[in-house]
Amino acid sequence: MKFTPFLWIGKGFRLLWNALDFSRRILLNLLLLALLIAVGIAIFSSGIRKLDDKTALILDFKGALVEQNSGSARDTLIAQAKGDTQKTTQLRDILQVLEQASQDPKISSAVLLLDDMDGAGLPMLREVAAAIDRFKAHGKQVIAWGSAYDQRQYYLAAHANEIYLHPMGTVMMTGFGHYRNYYRDALDKIGVTVNLLKVGTYKSFAEPYIANEPSPAAAEAESYLYNAMWKTYTDDVEKARKLPAGSIMQSIDNLPQLMAAANGNVAKMAMDIKLVDGLKTRDELRTLMLQRGVRDPQIKSFRQIGFEEYQARVHPKLFGDAIGVVVAAGEISSGMAPPGAIGGLSTANLIRKAREDDSIKAIVLRIDSPGGSAFGSELIRRELELTRKAGKPVVVSMGDVAASGGYWISMASDEVIADAATITGSIGVIAILPTADKAMDKIGVHTGGTTTTWLADSFNPLRPLNPRFAEVMQSSINHTYAEFTGMAAAARKTTPEKIDAVAQGRVWTGQQAKDRGLVDTIGSFGDALKSAAKRAKLGNDYRVTYIEREPSKFERIFDLFGSGVANAVQDQFKLALAPTGVPPAAATQMINDLRWLNDLNKEGKGFMTLAHCMCTAP
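By convention here, each chain's residues receive numbers from 1 onward along its written sequence. The model is predicted, so local features are restricted to residues of pLDDT at least 70 and side-chain atom pairs to those at 80 or more, both for listing and for counting; the totals for chains, interfaces and linings are taken over all residues. Based on all heavy atoms of the structure, the side-chain values leave hydrogens and waters out of the count.

Asks: What should I look at first to understand the packing of aromatic side chains in this one?
Replies: Each aromatic ring pair is summarised here by two numbers: the centre-to-centre distance and the angle between the ring planes. Geometry of aromatic contacts follows a simple scheme: Phe, Tyr and Trp rings, the Trp one being its six-membered ring, pair when their centres are within 6.5 Å, and the pair is stacked under 30 degrees between planes, edge-to-face over 60, tilted otherwise. Considering all chains together, one arrives at nine aromatic pairs under this definition. Look at tyrosine 155 and tyrosine 233: their rings are 5.4 Å apart centre to centre, the planes differ by 45°, and that puts the pair in the tilted class. Of the two residues, tyrosine 155 sits in helix α5 (residues 151–157) while tyrosine 233 sits in helix α8 (residues 216–241), which places them 78 residues apart along the sequence. Tyrosine 233 carries the same exposure label as tyrosine 155, and that label is buried. The structure contains a cluster of three or more aromatic residues connected by ring pairs, namely Tyr155, Phe176, Trp230 and Tyr233. Note on criteria: charge over ring means Lys NZ or Arg CZ within 6 Å of the ring centre, with the direction from the centre no more than 35 degrees off the ring normal. In this structure, arginine 92 packs its charged tip against the face of tyrosine 546, placed 3.9 Å from the ring centre. Helix and strand labels come from DSSP, where a helix needs a run of H or I of at least four residues and a strand needs a run of E of at least two; each type is numbered from the N terminus. Here the term buried applies to any residue with accessible area under 20% of the maximum for its type, exposed to any over 50%, and partly exposed to those in between, with areas from a 1.4 Å probe on protein chains only.

Spelled out as structure tokens, the structure:
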């Protein structure tokens, strides 16, 4: 046989490749086997532990209470790498845990520890408080303890059977309302002109950019709104604590005298006016719970289970007829948006997905949004309209805020249910067109050129606003407002004139909106589920499934770079403010306010047409 070196070299490579491939398969199989063994051990050895009698449920909510967790995979990974804990707690998780625990014979009580709860709107607090009341209605005690209570934390604590405060703690109830920053003079100094076109006397979204103080109309509307919300808050707390009507306002009005009587001891004053039942340190709370419960020798404290651990025991139904819940939380853009924000396309896709799922018999749209893009809002409304035409009921549940664009997306439903304290309405439209021609003049930059029509480069932010372009934009805004009020009139079965009388960009509480025919019912998220089930003829045997979007692989990669420019601009603004001595919190607020002007260039148009109320839950 003739010796051919290349033939033997080829055979050698094939043998080597086969050996490597065999080794690769063995290694992968071993890794898979190890993974299966690890999963089996996790399931059978460290799974859900058995609960004993007289176990206390620890309700230690983390961060802000939200309708839907937000943030990208990048944000989550970075937070975990830094050792940060979860920053938000979903309302749905709280409601599910309290509902199951109320019927769990092993859970005898609950302990509210609210120090790490950062914030929530009043409607969301009312949802949680109602769930606490239902828990208590099953004969189970709720004890609240705090090193200090802010206004939101105290609202929940007030629904406990007993409230304890650290001897050096405080209870802070300051009321609703806030002061905005106004930038007219500052923008004038740097040569930026914000051109505002709007429909709506009360549409105050852009006032901080064109004025130095609120307009009389805006001040009137906010006063009417906040006073109604404050009455709801104080009425609820006084009822829960069995305090005389008006006692909270009386205590605030007489605060200096009450503090003097308590020798400046805030905790003692809180007990004197019956806001708390006693003053205890955390170890004294532990002793109290040991006396009432059972000692757990493993943790050397009272028998207990944490909120997150108990949440793992909540297993929703996976099969059968369902109500699909689509969460619309955050500001509305026209395109795709991740969880915790609303994209016209992405949210419409979720609604379409629910409509085309045969197991989903009705949809509940849960809204917590101040609005945003009018076009994005219409994409969502249209998809809900198609869902109703397909024979599936649609019920809207309004949370903390459902205003402007947030109201727009509610207008294709069988029923609109709002909390008494929901911020809604704000039916109006604006366009913001900032120009920086004066700023360019200051640094010696000038523009010039030739175009074939006046429309070419008609909105160049480095030139003064073209009056003809402004006229065109105002006509468009007028048309959008007419569409807004017309669709609202059709949805509410009234006339555009009657809607216009309660529109004009004015915000209302849920109760005020119901009184004016803008919503159907005052109720909770649970009421919305029941209404949807009734309309779909499901009875009581149905499951609730949340329709949520997972980010694509491309979006996850793109998200790594998406905010780089914005972060760089914000960092520069912070550096510019640093020498002025502006406090960091105030600087952050300024950056957030001015972000709107920066965002105008996202779509390359230099302007935005918005159905936005610039309102947040106080």
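Asks: What is the right way to look at unusual backbone geometry in this model?
Replies: One can expect most non-glycine residues to show negative phi and most peptide bonds to be in trans. Here the phi dihedral of lysine 242 falls at roughly 55°; this positive angle occurs in a residue that is not glycine. For lysine 242, the position within the fold is in the loop between α8 and α9 (247–253).

Asks: What is the right way to look at the pairing of strand β17 (residues 394–403) in this model?
Replies: A regular strand carries its side chains on alternate faces of the sheet. Along β17, ten of the ten residues are buried, which leaves the element largely enclosed by surrounding structure. Pairing analysis gives six bridges linking strand β15 (residues 360–369) to β17, with the strands arranged parallel. Pairing of isoleucine 367 across the sheet is with methionine 398, part of β17. Two strands are counted as paired when DSSP detects at least two bridges linking them. As paired strands, β17 and strand β18 (residues 415–418) are joined by four bridges and run parallel to one another. Its bridge partner lying in β18, valine 396 is registered against valine 416. One ladder, built from three bridges, connects β17 with strand β19 (residues 423–425); its direction is parallel. Bridged to alanine 403 within β19 is glycine 425.

Asks: So what exactly am I meant to see when it comes to the side chain of serine 377 here?
Replies: Within the fold, serine 377 resides in helix α15 (residues 374–389). For serine 377, the contacting residues outside a window of four places in its chain are Ile332, Gly405, Trp408 and Ile409. Should any heavy atoms of two residues lie within 4.5 Å, those residues are considered in contact.

Asks: Before we go on, may I ask you to explain the packing of helix α3 (residues 91–102) against helix α4 (residues 122–137) in this structure?
Replies: Two packed helices can be described by the angle between their axes and the distance between those axes. α4 packs onto α3 with a crossing angle of 10° between their chain directions and a minimal axis gap of 9 Å. When the axis of α3 is compared with that of α4, the two are roughly parallel. The segment α3 lies against α4, with Leu91, Ile94, Leu95, Leu98, Glu99, Ala101 and Ser102 engaging Met124, Glu127, Val128, Ala131, Ile132, Arg134 and Phe135. Among the residues forming the contact of α3 with α4, the class breakdown is ten nonpolar, one polar and three charged. For every element, the axis is a line fit to its C-alpha atoms; helices are fit only across the contacting stretch, and the angle between N-to-C directions ranges from 0 to 180 degrees. Roughly parallel here means an angle under 35 degrees, roughly antiparallel means over 145, roughly perpendicular means 65 to 115, and every remaining angle is called oblique. Under this grouping Gly is polar, as are all residues other than the nonpolar Ala, Val, Leu, Ile, Met, Phe, Trp, Tyr, Cys and Pro and the charged Asp, Glu, Lys and Arg.

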